[in-house]
Amino acid sequence: MNHKSQIKERANQMNKTKRSVKVAVVTGGAQGIGKAITLKLATEHWEVIAVDIDKEAGGELLGHSKIYSIVFKHLDVSDEDSVEQFFNFVEKEYGRLDALINNAGLASPGNAPIEKLKFNEWHEKIAVNLSGPMLCSKYAANLLRKSKGSVVNIASTRALMSEPDNEAYSASKGGVVALTHALANSLGPDVRVNAISPGWIDVRNWQKRSERDAEPLREVDHKQHLVGRVGRPTDIADMVSYLISNRAGFITGQNFVIDGGMNRKMIYQ
């Protein structure tokens, strides 16, 4: 075998190895719960493509790429053209997709009373929190079918219970739970689709440096939970890891509430 043939053979072997590594896309994967999921899967030898609209957070995430196999891509999950182009990139660059984690979302604080809720504020949350997972699932579906892959949608306990002035966020997350069992029917048996509804998860140390809050949680914050503590992003990442694994092969269309038992506690004031 001549030198050129050896180089070509080595390249073919590298490409074959790359194609054998499982690939995951994590939306909103640069900070918070999404960052924990990205790092968890990377440590388990997944090739992880973390997408996020926050370039600053994405740049910080890439600091971990020296240790783990992580790629960052800037993406607005509510923009259909951008989502389609992104999954075309995944197919061309990786040739496969084994897991889609729909985590990107706009949080609930700052909602106005329903009488003052602006329609564009409502629409923005629905667009990112609900249309985003739909669009990503739409354009990932063919790749996931080929790999017999899995989708995990990150919903919220706000899909099941609410606080005042939470209409847009609660409605969007309730829609994610419904979207989950609809997709499980549409994509099965080739693709399993499940949801996780986190409760109070302390993400402060997982945010980009410019938005971290060092103020400690109070004892009463922890005591509100039946397990005696507020949740951690790793609690959610561990469940994601399980749901996309072969160990969860008989689980689809489900919503898993991970909130330390808070939604099972009756509170009288």
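What this report covers is the structure whose coordinates are included nearby. (Residues numbered from 1 in each chain as written. Predicted model: local features only at pLDDT ≥ 70, side-chain atom pairs only at ≥ 80, totals over all residues. Heavy atoms only, no water.)

## Some remarks on helix 8 (residues 233-243)
Consideration 1: Those residues of helix 8 that sit buried are Pro233, Ile236, Ala237, Val240, Ser241 and Leu243. Down the axis of helix 8, the buried set is contained in an arc of 165 degrees. They therefore lie on one face. (Buried < 20%, exposed > 50% of the residue type's maximum accessible area, 1.4 Å probe, protein only. Helix = DSSP H or I, 4+ residues; strand = E, 2+ residues; numbered from the N terminus. Arc of directions from axis to C-beta.)

## Here's the deal with unusual backbone geometry
Consideration 1: Of the consecutive residues Gly188 and Pro189, the connecting peptide bond is found in the cis state with omega at 0 degrees.
Consideration 2: The backbone of His45 sits at a positive phi, close to 70 degrees, despite the residue not being glycine.
Consideration 3: Examined against the element boundaries, His45 turns out to sit in the loop between helix 2 (32-43) and strand 2 (47-52).
Consideration 4: Using a relative accessible area of 68% as the deciding quantity, one classes His45 as exposed.
Consideration 5: Of note, Lys148 is a non-glycine position whose phi angle comes to about 55 degrees, a positive value.
Consideration 6: Mapping Lys148 onto the fold places it in the loop between helix 5 (119-147) and strand 5 (150-154).
Consideration 7: Given a relative accessible area of 55%, Lys148 falls into the exposed group.

## Re the sheet that holds strand 5
Consideration 1: Across the sheet, seven strands lie side by side as 3-2-1-4-5-6-7; this open sheet has parallel pairing. The open sheet has two edge strands with one neighbour each: strand 3 (70-74) and strand 7 (255-258). Averaged over all adjacent pairs, the angle separating strand axes in this sheet is 20 degrees, with direction ignored.
Consideration 2: Here strand 2 runs beside strand 3; their pairing, made up of five bridges, is parallel. In the sheet register, Ile49 faces strand 3, and the bridge partner there is Val71.
Consideration 3: Running at roughly 170 degrees to strand 1 (residues 23-27), helix 2 makes contact with strand 1, strand 2, strand 3, strand 4 (99-102), strand 5 and strand 6 (192-198) of the sheet.
Consideration 4: The sheet contacts of helix 5 involve strand 1, strand 4 and strand 5, and relative to strand 4 the element is tilted by about 175 degrees. (Pairing = 2+ DSSP bridges. Axes fitted to C-alpha atoms, helices over the stretch in contact; angles between N-to-C directions. Contact = heavy atoms within 4.5 Å.)

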